[in-house]
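# Results of the structural survey
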Amino acid sequence: MTDYKAVIIGGSAGSFQVVTKIVSSLPANFPLPVILCLHRLKHVRSGFVEALSIKAAMQIVEPTDKEPIKTGKIYLAPANYHLYVELGNRFALSTEDVVNHSRPSIDLSFFSASYNYKKKLVGIILSGANKDGAMGLKSVKENGGLTIVQDPNECQVPTMTLASMNATQVDHVFSTPKIVDFLLNLT
Amino acid sequence: MVTDEDVQRFITAIKMSSTYDFTDYSDRSFKRRIEKLLVDNHMDINQLTLKSTKDKDFLEKTVRDITVNTTELFRDPEMWITLKYQILPKLKKNKSIFIWHAGCSSGQEIYSMLILLHELGMFEQAKVFASDINSEMLETAKNGQYKYRFNLGYLDNFDKVIKENPYNYEQTIQVDYEKYFDIDKVKDTITMKQFLREKAVFRKHDLVRDGNIFYSKFDIIFCRNVIIYFNNKLQNKVIELFSNSLYRDGYLILGAHESILGTVANNFDRTKGFYKKKQF
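Residues numbered from 1 in each chain as written. Chains lettered and ligands numbered in written order. Predicted model: local features only at pLDDT ≥ 70, side-chain atom pairs only at ≥ 80, totals over all residues. Heavy atoms only, no water.

A few words on the environment of Thr71 of chain A. Residues and elements named next belong to chain A. Secondary-structure assignment places Thr71 in the loop between strand S3 (59-61) and strand S4 (73-76). It is 4.7 Å that separates the C-alpha atoms of Thr71 and Leu32, two residues lying 39 residues apart in sequence. Leaving out residues up to four positions away in the same chain, Thr71 has contacts with Phe30, Pro31, Leu32 and Pro33. (Helix = DSSP H or I, 4+ residues; strand = E, 2+ residues; numbered from the N terminus. Contact = heavy atoms within 4.5 Å.)

Take a look at the structure:
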């Protein structure tokens, strides 16, 4: 049994295929909630969950405000909202201004998740074209959680992973198959 | 770095010295906005607390900044399309339609609704009320003037809701923006037409503390992306107020990703963000 309580994944440009690979590899009985914070086109709302769901054994949902966080589900930050993890293991949504030109902001989701889960959090940063997520991953590290970035050599756009590696001493730099292996070993 | 205890002390000080009570606001995002406010004002939490309790104008600014005021014209077009084709036609036969925009912020939602009502020939019968916790926001809403560049993208939303018909792609309705607002690209403004600006009744109102101040019941209450900033307890209290303020078969419209938890949910039938008050 794993000691972790949640996995949080941030990604932007070039991360969709990696995310698809990861969610399609996780078994229905994966023992942790998986929180996906991805930058998406603001007006593309529908279709994304459906597209991921076809490939995934786990249930994928866009959480509503105050929804309890449950094991075995994949939660996708809704477009045009920031997604926070609140005390009491629930989500909270916010329409505050964009952060790092983004809503959802990966940093904000990571900050709140690391505050809530402390060392029992796995944070993963994938391909992306800006630095949103770097401070968030740093916060995971500072709270004692485990930090992983996708290998920048493999990323379609490595800006986000390189910024994360600059911001903090990450625990692992993994290719996509390694990320999948790591997660499967948590079961 | 602001601690949870700092935030609690700030909330207590504000509560003691004013009518504002942020006790039941949602924790994480509230704390984050306090932190941002400190950076923007070059203050520490003690200075912010002290100045907010002594200086009324400063307190109003603080309230403006820690309540969230992001809104846009026709935000979430799907909601407006449902309203246009499923909800409003049912109300058209009513002599009057009472509408409350609770937490109207800078007012784009009010003007979106007024434009839609006008397009459906329901403008005259609509009685429109709007409220917000912050007096500056109410002024902005009343003035009906917005930054053009900032709102430029939302003209797409206008087109989707007003000009296009999702049930008949071949039909487009020709509506000029000038019918409803003036665009001045040099001054960088969008200004709502006077007949729209004169329509709504604006009142300062705090959902934490105040009841229904309009002495009316409503056919539609909008409260979108407001209760996400409240904890469960306060959410339930506010939903109860809305439930009591709606006519039977009236609609409460929440944000796309908001939901009603707890027993008060039993008062409503839900379809997406629309909550229809049940008959008892």
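This brings us to the domain arrangement of chain B. Residues and elements named next belong to chain B. Considered domain by domain, chain B is made up of domain 1 (4-66) and domain 2 (77-145 + 192-277). Here domain 1 meets domain 2 over a buried area of about 1,200 Å², counting both sides, of which 48% is carbon and sulfur. Interface area lost by domain 1 to domain 2 is led by Asp24, Tyr25 and Arg64, which between them contribute 45%. The interface formed by domain 1 and domain 2 contains three salt bridges. Glu136 is paired through a salt bridge with Arg64; the nearest N and O atoms lie 2.6 Å apart. Where domain 1 touches domain 2, the interface holds eight residue pairs in polar contact (both at pLDDT 80 or more). At the level of secondary structure, the elements contributing two or more residues to the side of domain 1 that touches domain 2 comprise helix H2 (27-41) and helix H4 (56-66). Here the side of domain 1 that touches domain 2 gets four residues from one element, more than from any other, and that element is H4. Each residue belonging to the side of domain 1 that touches domain 2 can be placed in one class, and the counts come to three nonpolar, three polar and six charged. (Domains from an automatic or database assignment. Buried area = accessible area lost by both parts, 1.4 Å probe. Salt bridge = Lys/Arg side-chain N within 4 Å of Asp/Glu carboxyl O. Polar contact = N/O pair within 3.5 Å; in protein donor to acceptor, adjacent residues only side chain to side chain. Nonpolar A, V, L, I, M, F, W, Y, C, P; charged D, E, K, R; others polar.)

In this section: H4 of chain B. What H4 of chain B keeps buried is the set Phe58, Leu59, Glu60, Thr62, Val63 and Ile66 of chain B. Near the N-terminus of H4 of chain B, the side chain that reaches the backbone nitrogen of Asp57 of chain B, with its oxygen 3.1 Å away, is that of Asp55 of chain B. (Buried < 20%, exposed > 50% of the residue type's maximum accessible area, 1.4 Å probe, protein only.)

Taken together, the contact between chain B and chain A spans 31 residues of the former and 28 residues of the latter. A combined buried area of about 2,300 Å² lies between chain B and chain A, and 46% of that area is made up of carbon and sulfur atoms. When residues of chain B are sorted by the area they lose upon contact with chain A, Arg28, Arg32 and His257 of chain B head the list and together hold 32% of the total. Along the contact surface separating chain B from chain A lie two salt bridges. In this structure, the salt-bridge partner of Arg33 of chain B is Glu96 of chain A, at a minimum N-O distance of 3.3 Å. Between chain B and chain A we count 18 residue pairs in polar contact (both at pLDDT 80 or more) in total. Of the residues assigned to the side of chain B that touches chain A, the class counts are eight nonpolar, 11 polar and 12 charged.

All names here are of chain A. In this structure, Ser102 sits in the loop between strand S6 (90-94) and helix H3 (106-117). For Ser102, a relative accessible area of 5% translates into the label buried. A polar atom in the side chain of Ser102 sits 3.3 Å from the side chain of His39. There is a polar contact of 2.9 Å between the side chain of Ser102 and the backbone oxygen of Asn100. In contact with Ser102, not counting residues within four places along its chain, are His39, His82, Asn130 and Asp132.

On to the pattern of salt bridges. Residue and element names in this part refer to chain B. Going through the model one piece at a time under the given rule, you end up with 21 salt bridges over all chains. Note that Lys31 is salt-bridged to Asp4, the shortest N-O span being 3.2 Å. Separated by 27 residues along the polypeptide, Lys31 in helix H2 and Asp4 in helix H1 (residues 4-17) bring together distant segments of the chain. In this structure Asp4 comes out as partly exposed when scored by relative accessible area, which is 23%.

This next bit is on the packing of H3 of chain A against helix H4 (residues 134-142) of chain A. Residue and element names in this part refer to chain A. Here H3 crosses H4 at 10°, and the two axes come no closer than 7 Å. Of the possible angle classes, the one that applies to H3 and H4 is roughly parallel. Taking contact as the criterion, the partners of Asp107, Phe110, Phe111 and Ser114 in H3 are, on H4, Ala134, Met135, Gly136, Leu137, Ser139 and Val140. Each residue belonging to the contact of H3 with H4 can be placed in one class, and the counts come to six nonpolar, three polar and one charged. (Axes fitted to C-alpha atoms, helices over the stretch in contact; angles between N-to-C directions. Parallel < 35°, antiparallel > 145°, perpendicular 65-115°, else oblique.)

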